[in-house]
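Structure assessment
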Amino acid sequence: MLKNEDILEEFKKSLTATTKSISKNNEVEINFTKENSSIDGNHIHLTEPNIESIKKNLDYIRAEADSLALEFRFHSKEIHNNFINNGDFSNEIFNAVEQSRVEAKGSNNFKGIKSNITKKHLLDIKKNSHNKETKIPEAFKYVAYEKFLNVDLGHYNEKNRKIIKKKLGDDYEKVFNELKECIDNQKTFGSKIKKYLEDYGFFEQNENTKNSDDINQDNEIDEQNKNDETSEKNNDENSQSKTESDSSTLDLQETLTMEESNEIGEDSSEGEIEYFPKIKNFNIIDSYKSYTKDFDEVINAEELCDQKELEKLRYNLDKQVFSFLPLITKIANRLQRKLLAQQNRNWDFNMEEGYLDTSRLSRIIANPQNKLSYKQEKEVEFKDTVVSLLIDNSGSMRGRPITVAALCGDILSKTLERCLIKTEILGFTTKAWKGGESREQWIKDGKPSNPGRLNDLRHIVYKSADSPSRRSKKNLGLLLREGILKENIDGEALIWANNRLKNRQEKRKILIVISDGAPVDDSTLSVNPGNYLERNLRDIINQIETKKEVELIAIGIGHDVSRYYSKAVTIMDVDQLGEVLLNELSEIFQIN
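This write-up is about the structure you can find in this document. (Residues numbered from 1 in each chain as written. Predicted model: local features only at pLDDT ≥ 70, side-chain atom pairs only at ≥ 80, totals over all residues. Heavy atoms only, no water.)

1. So, the overall build of the chain
Scanning the chain from N- to C-terminus turns up 21 helices and 13 strands. In the chain, buried positions account for 51% of the 592 residues. Considering only contacts in the chain between residues 6 or more positions apart, those separated by 24 or more positions represent 76%. Split by element, the accessible area of the chain, about 29300 Å² in all, is 44% carbon and sulfur. (Helix = DSSP H or I, 4+ residues; strand = E, 2+ residues; numbered from the N terminus. Buried < 20%, exposed > 50% of the residue type's maximum accessible area, 1.4 Å probe, protein only. Contact = heavy atoms within 4.5 Å. Areas by Shrake-Rupley, 256 points an atom, 1.4 Å probe, with all protein chains shown as cover.)

2. Some thoughts on the packing of aromatic side chains
This model, assessed by the stated rule, comprises four aromatic pairs. Between F148 and F189, the ring centres sit 5.8 Å apart and the planes meet at 70°, which makes this aromatic pair edge-to-face. One end of the pair, F148, is in helix α6 (residues 136-149); the other, F189, is in helix α9 (residues 186-199), with 41 residues separating them in the sequence. Using a relative accessible area of 2% as the deciding quantity, one classes F148 as buried. Geometry around F32 places K12 over its ring, the cationic atom sitting 5.0 Å from the centre. A cation over a ring is seen here: R101 above F189, with NZ or CZ 5.8 Å from the ring centre. (Phe/Tyr/Trp six-rings, centres within 6.5 Å; stacked < 30°, edge-to-face > 60°. Lys NZ or Arg CZ within 6 Å of the ring centre and 35° of its normal.)

3. Description of the packing of helix α4 (residues 88-109) against α9
Each pair of packed helices can be described by the angle between their axes along with the distance between the axes. With their axes 11 Å apart at the nearest point, α4 and α9 run at an angle of 145° to one another. Of the two possible hands of crossing, α4 and α9 adopt the one that is right-handed. In this structure, α4 contributes S90, I93, F94, V97, E98 and R101 to the contact, and α9 contributes Q186, F189, G190, I193, K194 and L197. In terms of residue class, the contact of α4 with α9 is built from six nonpolar, three polar and three charged. (Axes fitted to C-alpha atoms, helices over the stretch in contact; angles between N-to-C directions. Left-handed = near helix turned anticlockwise from the far one by under 90°. Nonpolar A, V, L, I, M, F, W, Y, C, P; charged D, E, K, R; others polar.)

4. Some remarks on α4
Its 22 residues give α4 an end-to-end C-alpha distance of 32 Å, which sits within 8% of 32 Å, the value for a rise of 1.5 Å per residue. Taking burial as the measure, the 22 residues of α4 include 16 buried ones, the bulk of the element. (Expected span 1.5 Å × (residues − 1).)

5. Comments concerning the pairing of strand β9 (residues 422-430)
Of all nine residues making up β9, eight are buried, and the element is well covered by its neighbours. As paired strands, strand β8 (residues 385-392) and β9 are joined by seven bridges and run parallel to one another. Residue pairing for β9: S388 is matched across the bridge by E424. Viewed along the sheet, the connection from β8 through helix α15 (residues 400-418) into β9 turns out right-handed. With six bridges joining them, β9 and strand β10 (residues 457-463) adopt antiparallel strand pairing. If you follow T430 over to β10, its bridge partner there is L457. (Pairing = 2+ DSSP bridges. Right-handed = clockwise from strand over helix to strand, strands pointing away.)

6. Details of the sheet that holds strand β3 (residues 43-47)
Sheet architecture is open: three strands sit in the order β1-β3-β2, paired in mixed fashion. If you trace the sheet from one side to the other, it starts and ends with β1 (29-33) and β2 (38-40), each paired once. Between one strand axis and the next, the sheet turns through 30° on average, direction left out of account. Sheet topology places β2 next to β3; three bridges connect them, and they run antiparallel.

7. Here's the deal with α6
For α6, spanning 14 residues, the distance from its first C-alpha to its last is 20 Å, which sits close to the expected 20 Å at 1.5 Å a residue. Burial analysis of α6 places 12 of its 14 residues in the buried class, which makes it a mostly covered element. Among the residues of α6, I136, P137, A139, F140, K141, Y142, V143, A144, Y145, E146, F148 and L149 are the ones counted as buried. Those residues of α6 that are buried lie in contact with α4, α5 (111-128), α7 (158-168), α8 (172-180) and α9. In the segment just after α6, N150 is the residue with positive phi, at about 55°.

8. What about empty space enclosed by the protein?
Throughout the structure, instances matching the rule amount to six cavities of 30 Å³ or more. The volume enclosed by the largest cavity comes to roughly 100 Å³. Lining of the largest cavity is provided by I93, V97, F140, L168, V175, F176, L179, I193, Y196, L197 and F202. Only α4, α8 and α9 provide two or more residues apiece to the lining of the largest cavity. When its residues are assigned to classes, the lining of the largest cavity shows 11 nonpolar, no polar and no charged. (1 Å grid on protein atoms, 1.4 Å probe; cavity = no way out; pocket = protein on both sides within 12 Å on 5 of 7 lines; lining within 4 Å. Points joined across faces, edges and corners; volume = space filled by probe spheres on them.)

9. Side note on the environment of L304
With respect to the secondary-structure elements, L304 resides in the loop between β4 (297-300) and α12 (307-320). L304 gets classed as buried once you look at its relative accessible area, which sits at 14%. A C-alpha to C-alpha distance of 9.1 Å links L304 and I484, two positions 180 residues apart in sequence. Sequence-distant contacts of L304, defined by excluding residues within four places in its chain, comprise E297, I299, R458, I460, L478, R481 and I484.

10. Points about the nonpolar core
One finds V97, F140, F148, I164 and F176 to be the most contacted residues of the largest nonpolar core, which totals 42 residues. Of all elements in the fold, only α2 (51-74), α4, α5, α6, α7, α8 and α9 reach the threshold of two or more residues within this core. It is α6 that provides the largest number of residues to this core, a total of nine residues. The contact partners of F140, leaving out residues within four places of it in the chain, are I93, V97, I164, L168, F176 and F202. If you look at the next biggest cluster of nonpolar residues, it comprises 40 residues, including V387, M397, I425 and I484. (Core = buried A, V, L, I, M, F, W, Y, C linked by side-chain atoms within 4.5 Å.)

11. Some remarks on the environment of D445
Here D445 lies in the loop between α16 (436-444) and β10. At 2.5 Å, the side chain of D445 and the side chain of Y291 are in polar contact. (Polar contact = N/O pair within 3.5 Å; in protein donor to acceptor, adjacent residues only side chain to side chain.)

12. Description of the pattern of salt bridges
Following the criterion strictly, the structure yields 26 salt bridges and no others. Of the charged contacts, one joins R161 and E158 as a salt bridge, the two residues approaching to 2.7 Å between their closest N and O atoms. Of the two residues, R161 and E158 both sit in helix α7, three residues apart, roughly one turn of that helix. As far as the burial class goes, R161 and E158 line up, both buried. (Salt bridge = Lys/Arg side-chain N within 4 Å of Asp/Glu carboxyl O.)

13. A short note on the sheet that holds strand β12 (residues 551-557)
Across a sheet, paired strands are connected by hydrogen bonds in the backbone, their directions being either parallel or antiparallel. Read across the sheet, seven strands follow the order β4-β10-β9-β8-β11-β12-β13 without closing on themselves; strand pairing throughout is mixed. In this open sheet, the two strands that pair with only one neighbour each are β4 and β13 (568-571). Averaged over all neighbouring strand pairs, the angle between strand axes comes to 20°, with direction disregarded. Where α15 meets the sheet, it contacts β8, β9 and β10, and its direction lies at approximately 170° from that of β8.

Keep in mind these values describe shape, not function.
Written out as structure tokens, the structure is:
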């Protein structure tokens, strides 16, 4: 019997492989993040799934991935940008219909994709059916999808149909038929949309400047829809139930069998998964606490893996970032030269005491009335500095982000070490998915309310500040080991890293955090308020920044961390990490 975390990993591997295959782009990279799914350059960011979402929304997850993969395959940004103008409203409609074109083209080629995306649209339309306002771009998207593929998105889509019919009038069928004929040609398709937007006045219209007649007509449609939905609901109830049942059917293609999927959610007796109650009141938050710290650990990387495996993992790490290595090494060498240049002896002259300035003895011989002149060596501030690199070891960092972070940490420590600056590399994650022994203890204790943090912390020391880089080089390979990267509880990790620095003797202490998202631990958030971990992170950051004993800097990968940290940099391409890290250090040490 597969454990839930194994099933989750297999599903993510399958989803990654399928998405790459559909995109038909050898350079595409798949990352899992805690943000909404998106595309950034050659990176497809998929929302990090969990066992609950796989069980209940499998087709929805696959549909999101399918849609982004199809965009890679059938959509050209260059062509698209030629049709974008200064009107936000018309651009939204253009983007919505273009999305339907891409999805329809892909659905014509792949029946499985058509099924996934259709079910996703059905669920989204039903979910949004209770909204009083209907956005016209959204209505265009769903109606266009229906028309391009000759599918029926159910009675909940009737409101969207009526809105678009009102806008297009007698040309309703003609417009979509003409667009359907050219869904294989993005340029022709875009030209037709632009023409229709001009013909029907969408360039002049803005969502915030509707005239009163438009608003009244929309209200009439909404009222009519309520009556229509009531009369149609009974007729469509059976078919709708079947659709919803189909959309929750578990089919993990080749990697997750029906037998395995039935195990998802049924292992609560073993403490692995359970249907958690929803927290209704998100405003009442007790002070942060952990249910138990008995199972937390601070551990050296070499204790988690034997030396032979570490060597193999390190070899794999170097191989994965081989093309990236020359650039970051070049930047590191430049930083090193500038740091070493500052270590040349610099002097203050004409001092009252210090070393005798022998270069001025000739003046005294020439004129004994001149006083002896002394010089003092200037202090170089960065000589007495320690830098700590704290890397997010959560599952969403898996792949390119964690390999680049590991390599950058390695090169950074070597560079600073040569300049007599101590460096340590730390990582933070949890020992288990879904709570581990902490959660099991909580269950045994009768599940008391508001338990606080409910997972086992794992804080990893890859390199201590006093350890030479050559000794810890292999340790960073551990980041590539399966099962190491799990969940992230940032607040307590910051406390740990900060306290390590505070106990150091160096005068200047710098903490650099590398993360790709907000703190997330499903077990903790399932039984505490939804912003429990995030609020703790903000409190800890505020304490560190207020005391100013440690200089705190954050680098967000694909995630804006400036909402947490006062000094923060956000990068969308993980390959920028090395350059940004070294540029930040150059700024810290005021290198021109």
